[in-house]
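# Results of the structural survey
In case you want the letters, here they are:
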Amino acid sequence: NKHVELGNALVDMYAKCCELEKAEEVFDELCVRDIVSWNVLIAGYVQRGEGSKAITCFKRMQCDHFLPNTITFICILKACSSTGSLHTGEQIHSEIVSERLIGKVLELDTALVDMYAKCGQLEKAQKVLKGLPIRDVASWNALISGYSQHRFGQEALNLFEQMQNDGLSPNAITFVSLLKACGSVGAVEKGIEIHNEIMSKRLLEDNIELGNTLVDMYAIWGKLEKAQKTFNDLLVRDVVSLNACISGYMPASFLMNYC
């Protein structure tokens, strides 16, 4: 057991240090493996953004007759989300249901909603969410984000109202999705309302993505002074912030060139 734990710790160390080739090498040299050995390697692929390799590793694990646990399922669902592997995701869903794991681990529930949402199966994602015995902000965020990313802005805003009816308060991740939704459907009043709420919660102080999304929303609407002021007020900026601000001025500059 001590040898297995040591081997697993080595694989995990290399995986977390983004040395996946070394992690694979140590893994392949292990005389004895357990489910933890497989999980740390699969998780390493997922964290590195190599979802396809994670799924391949999972199938190899199954061929070696290892039974997945909750951690395995969470990792593979994340891999399916990043690669759009709906078929594998549906298989994992069936296994989760057969093992009666729905509602037992919030992170697993959220990963399942997120997988369907990211794969464009929004109605299925919503059905899964509604069937959960407990819904938290993360599971709602997964669904709202899915609708927003697939350009169903009004539906995302409607889901936000349902989330609030569940007695849950939004966090920075929620607001990012909502601002994108407002930008896509031209919901100016709602966007300004959300901006005010963000300011009252002082969320811009340590969340650059939220600030960038705000600038982008105003730029999309052509509210260039508001976009510029929001950009100027950001405590931290990056190239995305600058690009969002510049993009708002592009149409006017093009028009000037052609006049």
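Residues numbered from 1 in each chain as written. Predicted model: local features only at pLDDT ≥ 70, side-chain atom pairs only at ≥ 80, totals over all residues. Heavy atoms only, no water.

Let's shift gears to the nonpolar core. By size, the foremost hydrophobic cluster in this structure holds 77 residues, and its most contacted members are Val11, Ile42, Leu77, Val113, Ile198 and Leu210. Tallying contributions element by element places helix H3 (residues 35-47) first for this core, with eight residues. Residue contacts for Val113: discarding those within four places in its chain leaves Ala125, Val128, Leu129, Leu132, Ser139, Ala142 and Leu143. (Core = buried A, V, L, I, M, F, W, Y, C linked by side-chain atoms within 4.5 Å. Buried < 20%, exposed > 50% of the residue type's maximum accessible area, 1.4 Å probe, protein only. Helix = DSSP H or I, 4+ residues; strand = E, 2+ residues; numbered from the N terminus. Contact = heavy atoms within 4.5 Å.)

What follows deals with the packing of aromatic side chains. For the structure shown, the criterion picks out four aromatic pairs. Here the aromatic rings of Tyr147 and Phe152 are separated by 6.3 Å at their centres, their planes lie at 75°, and the arrangement is edge-to-face. For Tyr147, a relative accessible area of 8% puts it in the buried group. Residue Phe152 is classed as partly exposed on the basis of its relative accessible area, which comes to 38%. Taking the centre distance of 5.8 Å and the plane angle of 80° together, the rings of Tyr218 and Trp221 count as edge-to-face. Separated by three residues within a single helix, Tyr218 and Trp221 lie in helix H13 (residues 208-221), roughly one turn from each other. Of the two residues, Tyr218 and Trp221, both sit in the buried class. One aromatic cluster in this structure is built from Phe27, Trp38 and Phe66. Between the NZ or CZ atom of Arg33 and the centre of the ring of Phe27, over which it lies, the distance is 4.4 Å. (Phe/Tyr/Trp six-rings, centres within 6.5 Å; stacked < 30°, edge-to-face > 60°. Lys NZ or Arg CZ within 6 Å of the ring centre and 35° of its normal.)

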